[in-house]
Amino acid sequence: MGYQIKEEKVFNSGHAACPGCSEALAIRYVVNTLGPDTIGVVPPSCIAIISGPQPLSSMRMPVYQTTLESSAASATGIARALKAKGNDHTKVVVMAGDGGTYDIGFQSLSSAAERNEDFIYVCLDNEGYMNTGAQKSSSTPHLAYTASTPAGKLTPKKNLAEIMVAHRIPYVATATTGYPDDLARKVAKAKEMKGLRFILVLAPCLDGWGLADNAGPKVSRLAVETGVFPLYEVENGERYTLNYGSKGTPVVQYLSLQKRYRHLSQAQVEELQAEANLNWQRLQGKLS
Amino acid sequence: MNERSSRILVNGNHAVAYGVKLAQAQVVPVYPITPQTPIVEKISEFQAAGEMVVELMTAESEHSAMSACITASLTGVRVFTATASQGLMLMHEMLHYASGARAPIVMFNVNRTIGSPWGFWPDQTDSLAQRDTGWIQYYCENGQESLDTVLQAYRVAEKVLLPAMVMHEAFYVSHALEGVEVPDQEVVDQYLPVFDPPHRLDPDIGESWGNTVGQEMFYRHRRDLGLAMESAIEVAEEADAEWRKLTGRSYGIVEQYRCEGAELVIATMGSMAGTARETVDNLRDAGLPVGLLKVKLFRPFPLAAVRRVLNGVPKVMVLDRNFAPGTGGFLHQELKAALYGLEQGPVVHGYLAGVGGTNVSPTVMADWVREAMATQPAAGPVWKG
C-alpha cells in the first residue's frame with residue numbers, strides 16, 4: 001500500500017525476547033509509531049518479559065504492568081486521570097497477549113469498549129498461553145496442538161475482531177508482523193483517533209507454534225494469503241476496508257510450516273481449508 | 001458550633017459523599033452494590049449539579065473499579081471508590097496490588113455480610129478479611145465520624161503512600177439519618193494539601209511500575225511497605241490532632257472511655273461502640289466500674305495505644321461483629337496478641353456479638369458485662385446473640 005514507516009526510537013534492542021520473535025517486532029512498530037509521549041499498560045505475558053525487569057526497561061516510555069485481567073481497566077484509570085489533569089496529548093496503549101485479551105481480560109475490555117474509553121488496545125495474538133508453556137486460549141485455532149489440547153483443540157478460534165466490531169468502537173483493525181508497513185500505518189491511524197481503538201496483531205510464536213527461527217514473517221504472510229487471517233479495518237462498527245486477503249494459496253502451505261499441526265490427517269487439513277474458505281466468504285460479504 | 005461549617009441532616013453514606021466532595025477526588029471508578037450505592041449516587045448528583053468536577057468511571061465490576069483506581073492514583077490524581085461485601089471480595093487481588101504500588105487511594109467500604117448465603121446485614125468480616133492487604137483501615141460509628149475520617153484518611157494515605165479504607169456498617173450507619181457538620185471547603189483545603197506525588201506515570205518522568213523484580217528488590221519493597229505502615233500510626237495521630245484544631249472534632253486512633261479504675265473494659269469497633277458507651281454509662285450509674293476501648297484504627301494495629309489503655313485493667317470483654325471460622329473474632333485475636341507479655345495485662349473474654357447483623361441492645365450488653373465479670377474467660381471465642 002506504499003506506506004512509509006516513520007519510527008521514533010522508543011523500543012530498544014537488548015530486550016529479552018527469543019531470537020526471531022514476532023511479538024518483539026510488533027512491539028517495535030507499535031511503540032515506535034506512537035512515540036515517547038505514551039504510557040504503556042502490559043499484563044503478564046511475553047510482552048511483560050520483553051519490556052524488561054526492574055530497574056531495566058526496553059521502552060523509553062512509562063510502562064505499567066498490571067494483572068492479567070485488568071489491562072483495559074488499568075488503561076482507563078490512566079486515561080481518565082490524564083483527562084482530569086487536562087492532558088490531551090499523552091497516548092495510552094495496552095499491549096496484551098491473547099490470553100489476557102480473549103479470555104481473562106475480556107470482561108474489562110468489553111466494558112472499556114462500551115464506554116468508548118480513550119486508549120489504544122493492541123492484542124498481540126500468538127494463539128495460546130505461550131509464556132506459560134503453550135496452553136490453549138480461546139484464540140487457539142481449531143485442531144491446533146497445545147500443551148492443554150494435545151489431541152488438537154476441538155473448537156474454533158474466537159472471532160475477537162468481529163466481537164470488537166460489534167461494540168461499534170471507532171476503530172478495529174487486524175494486522176500481522178509479516179506486513180510491517182500495514183501494521184505501522186494502522187497504529188499511526190489509530191494514534192490520530194479518539195476513543196477506544198483495537199488492533200489485533202497475529203504474532204506467530206516460534207516456540208509455541210513449532211516454527212523455524214526464521215519462519216515468523218513467512219508464516220505471518222501465509223496466514224493472510226491463505227485467507228486464515230485477513231487484514232482489514234472497520235470504522236465505527238460499519239465501514240469495512242480490506243487491506244490484504246486470500247490469494248487462494250492452499251491452507252496446507254500455512255499449516256505445514258507449524259509443528260502444532262503436524263498431527264493432522266488429510267481430512268482434517270481439508271476441514272480447516274473449508275473453514276478458512278467459509279470465513280473468507282463471510283468477511284467478503286461485509287465489505288462494502 | 002463551628003462557624004466554618006454547616007449542619008445538615010443526612011444518612012451515613014451521604015455524609016461520606018460530602019467528605020469525598022470536600023476532598024475534591026478527581027477520578028472515581030464505581031460499581032454499584034448495596035448498601036454502598038447511595039455514596040456514589042450522591043457523588044454523581046454532585047457532578048451533575050456542577051458542584052464537583054470528577055471523572056466518574058462506571059466499571060463493569062469492582063475488580064475493574066479498583067484496577068482503574070490504582071492507575072489513576074499512580075498518574076497523580078486523587079482517587080475514591082466505594083464498595084461492600086462481595087465487591088470487596090472481588091477486589092481482593094487488586095487490594096494487594098494497590099498497596100504494592102503505594103497508591104494512596106481512599107475507599108469506603110460499607111460493612112456487609114459475605115455470602116453464601118446472601119444477606120445484607122452489618123458484619124465487619126468483609127473488611128477484616130482484608131487486614132493483610134497493606135491497606136490502612138479505619139472503623140467508624142456514625143456519619144459524622146465517617147465524613148471526618150475520609151478526610152483524615154486522605155491526609156494519612158497521601159503522606160505515607162499507602163491506600164486507606166474507611167468502614168461503617170450496613171444500614172445501622174449507612175442509612176441512618178443524623179445531623180452532620182459539613183466543614184467549609186476552605187477548612188478542608190487548609191487541611192488537605194494538593195496531591196502532587198513526585199513519582200507518577202508521566203512520559204516527562206519516564207518511570208514505570210510493576211515490572212518483575214529479583215528477590216532482593218522484592219524483600220526491600222515489602223520492608224519499605226511495612227515501614228510506611230508503621231509510620232502511619234504517628235501520622236494518623238497527627239492528622240486527628242490537626243482536624244481537632246480546625247473543627248473541634250477528634251476521635252483518636254483508639255478511644256478510651258471512662259476507663260479510670262475499670263474492673264472490666266469493653267473493647268469493640270464500629271457502631272457497637274455507641275451501644276457500648278451507653279452501656280458503660282448505665283453500668284457506671286449502677287456502681288459497676290466499667291469502661292470502653294474503641295479501636296478506630298485497625299491497620300496499622302495501634303499496639304502501643306492498646307497496651308497503654310489496657311495495662312493494669314483486670315478484664316477485657318471483646319465484642320466482635322465479625323467471625324473468622326477456626327479462630328473467632330478478629331479483634332479478640334488481635335487484642336490477645338497485642339497484650340501478650342504485658343506484665344499487668346488483662347484476661348480477655350472474646351464474645352461473638354451481633355455477627356450477621358443481629359441486634360445488640362445496651363440491656364443485653366450489660367448482662368454480658370455482668371457475666372464476664374463473674375466468670376473466667378474461655379480460651380476461644382464464645383457465641384453471643
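Residues numbered from 1 in each chain as written. Chains lettered and ligands numbered in written order. Predicted model: local features only at pLDDT ≥ 70, side-chain atom pairs only at ≥ 80, totals over all residues. Heavy atoms only, no water.

**Some remarks on the interface of chain A and chain B**
At the junction of the two partners, chain A supplies 36 residues and chain B supplies 36 residues. Looking only at chain A, the three residues that lose the most surface to chain B are Gln 54, Tyr 64 and Arg 80 of chain A, adding up to 24% of its buried area. Put simply, chain A and chain B have two salt bridges between them. Between Arg 80 of chain A and Glu 55 of chain B there is a salt bridge, with its nearest N and O atoms 3.3 Å apart. Counting every contact that joins chain A to chain B gives 15 residue pairs in polar contact (both at pLDDT 80 or more). For the side of chain A that touches chain B, the secondary structure elements donating two or more residues are strand E1 (38-42), strand E2 (63-65), helix H3 (71-84) and helix H5 (106-114) of chain A. (Contact = heavy atoms within 4.5 Å. Buried area = accessible area lost by both parts, 1.4 Å probe. Salt bridge = Lys/Arg side-chain N within 4 Å of Asp/Glu carboxyl O. Polar contact = N/O pair within 3.5 Å; in protein donor to acceptor, adjacent residues only side chain to side chain. Helix = DSSP H or I, 4+ residues; strand = E, 2+ residues; numbered from the N terminus.)

**Structural notes on the sheet that holds strand E4 (residues 80-83) of chain B**
Residues and elements named next belong to chain B. If you walk across this open sheet you meet the five strands as E4-E5-E7-E6-E12, and the pairing is mixed. Only two strands of the sheet have a single neighbouring strand rather than two, namely E4 and strand E12 (297-299). Each adjacent strand pair in this sheet contributes to an overall mean axis angle of 20°, direction not counted. For strand E5 (residues 106-111) and strand E7 (residues 164-169), the ladder comprises six bridges, and the chain directions are parallel. Directly across from Val 110, in E7, lies its bridge partner His 168. Most of the contacts of helix H6 (residues 143-160) go to strand E6 (residues 136-139), to which it runs at about 165°, and overall it touches E4, E5, E6 and E7. (Pairing = 2+ DSSP bridges. Axes fitted to C-alpha atoms, helices over the stretch in contact; angles between N-to-C directions.)

**Considering the packing of H3 of chain A against helix H3 (residues 62-74) of chain B**
Axis angle and axis distance: for two packed helices, these are the angle between their axes and the distance between the axes, and together they describe the pair. Relative to each other, H3 of chain A and H3 of chain B sit at 45°, their axes nearing to 7 Å. As judged from the angle between their axes, H3 of chain A and H3 of chain B are oblique. Judged by the sense of rotation from one axis to the other, the crossing of H3 of chain A with H3 of chain B is right-handed. When H3 of chain A is examined against H3 of chain B, the residues Ala 73, Ser 74, Gly 77, Ile 78 and Ala 81 of chain A are found in contact with a partner set consisting of Ser 64, Ser 67, Ala 68, Thr 71 and Ala 72 of chain B. Class assignment for the residues of the contact of H3 of chain A with H3 of chain B results in five nonpolar, five polar and no charged. (Parallel < 35°, antiparallel > 145°, perpendicular 65-115°, else oblique. Left-handed = near helix turned anticlockwise from the far one by under 90°. Nonpolar A, V, L, I, M, F, W, Y, C, P; charged D, E, K, R; others polar.)

**So, the sheet that holds strand E11 (residues 290-295) of chain B**
Residues and elements named next belong to chain B. Ordered by their spatial adjacency, six strands build an open sheet running E9-E11-E10-E13-E14-E15, and the pairing between neighbours is mixed. Across the chains shown, the open sheet's two edge strands, defined by having one partner strand only, are strand E9 (254-257) and strand E15 (382-383). Note: strand E10 (residues 264-268) against E11, five bridges, orientation parallel. The residue of E11 that forms the bridge with Ile 266 is Leu 292. Each of E10, E11, strand E13 (315-320) and strand E14 (347-352) is contacted by helix H11 (residues 330-339), which is oriented at about 150° to E13, the strand it contacts most.

**Quick look at the packing of aromatic side chains**
This model, assessed by the stated rule, comprises 11 aromatic pairs over all chains. Considering the side-chain rings of Tyr 351 of chain B and Trp 368 of chain B, the 6.4 Å spacing of their centres and the 80° angle between planes classify their relative orientation as edge-to-face. Linking Tyr 351 of chain B in strand E14 with Trp 368 of chain B in helix H12 (residues 362-374), this pair joins segments that are 17 residues apart in sequence. The class for Trp 368 of chain B is buried, based on a relative accessible area of 7%. By way of ring pairs, the aromatic residues Tyr 139, Phe 298 and Phe 301 of chain B are connected into one cluster. Directly above the ring of Tyr 179 of chain A sits Arg 221 of chain A, whose terminal nitrogen or CZ lies 4.1 Å from the centroid. For the cation-ring pair, Arg 277 of chain B lies above Tyr 257 of chain B, with the distance from its terminal atom to the ring centre recorded as 5.8 Å. (Phe/Tyr/Trp six-rings, centres within 6.5 Å; stacked < 30°, edge-to-face > 60°. Buried < 20%, exposed > 50% of the residue type's maximum accessible area, 1.4 Å probe, protein only. Lys NZ or Arg CZ within 6 Å of the ring centre and 35° of its normal.)

**Focus: the domain arrangement of chain B**
All names here are of chain B. If you check the domain split of chain B, you get domain 1 (5-247) and domain 2 (254-383). The centre of domain 1, based on its C-alpha atoms, is set 27 Å off from the matching centre of domain 2. The partner domain 2 presents 28 residues to the 26 residues of domain 1 that form the contact. Linking domain 1 to domain 2 there are seven salt bridges. Ionic pairing is found between Arg 131 and Glu 334, a salt bridge with its closest N-O pair at 2.8 Å. Along the contact surface separating domain 1 from domain 2 lie 20 residue pairs in polar contact (both at pLDDT 80 or more). Where the side of domain 1 that touches domain 2 is concerned, the elements lending two or more residues are helix H5 (125-128), E6, H6 and helix H8 (215-247). Along the lines of polarity and charge, the residues of the side of domain 1 that touches domain 2 split into 15 nonpolar, five polar and six charged. (Domains from an automatic or database assignment.)

**A look at the side chain of Glu 23 of chain A**
All names here are of chain A. Within the fold, Glu 23 resides in helix H1 (residues 22-34). We note that Glu 23 is buried and unpaired, the nearest opposite charge coming from Lys 157 at a distance of 12 Å. The contact partners of Glu 23, leaving out residues within four places of it in the chain, are Cys 46, Ile 47, Ile 50, Leu 124, Asn 126 and Ala 203. (Lys, Arg positive; Asp, Glu negative; His and termini not counted.)

**Points about H5 of chain A**
Among the residues of H5 of chain A, Ser 108, Leu 109, Ser 111, Ala 112 and Ala 113 of chain A are the ones counted as buried. Positive backbone phi, approximately 50°, marks Asn 116 of chain A, located one or two places after H5 of chain A.

**Quick look at the pairing of strand E6 (residues 197-202) of chain A**
Residues and elements named next belong to chain A. E6 sits mainly inside the fold: six of its six residues count as buried. Across the two faces of E6 the burial is the same, with Arg 197, Ile 199 and Val 201 and Phe 198, Leu 200 and Leu 202 all buried. As paired strands, strand E4 (residues 120-125) and E6 are joined by six bridges and run parallel to one another. Note that in E6 the partner of Val 122 across the bridge is Ile 199. With six bridges joining them, strand E5 (residues 171-176) and E6 adopt parallel strand pairing. Looking across to E6, one finds that Tyr 171 is bridged to Arg 197.

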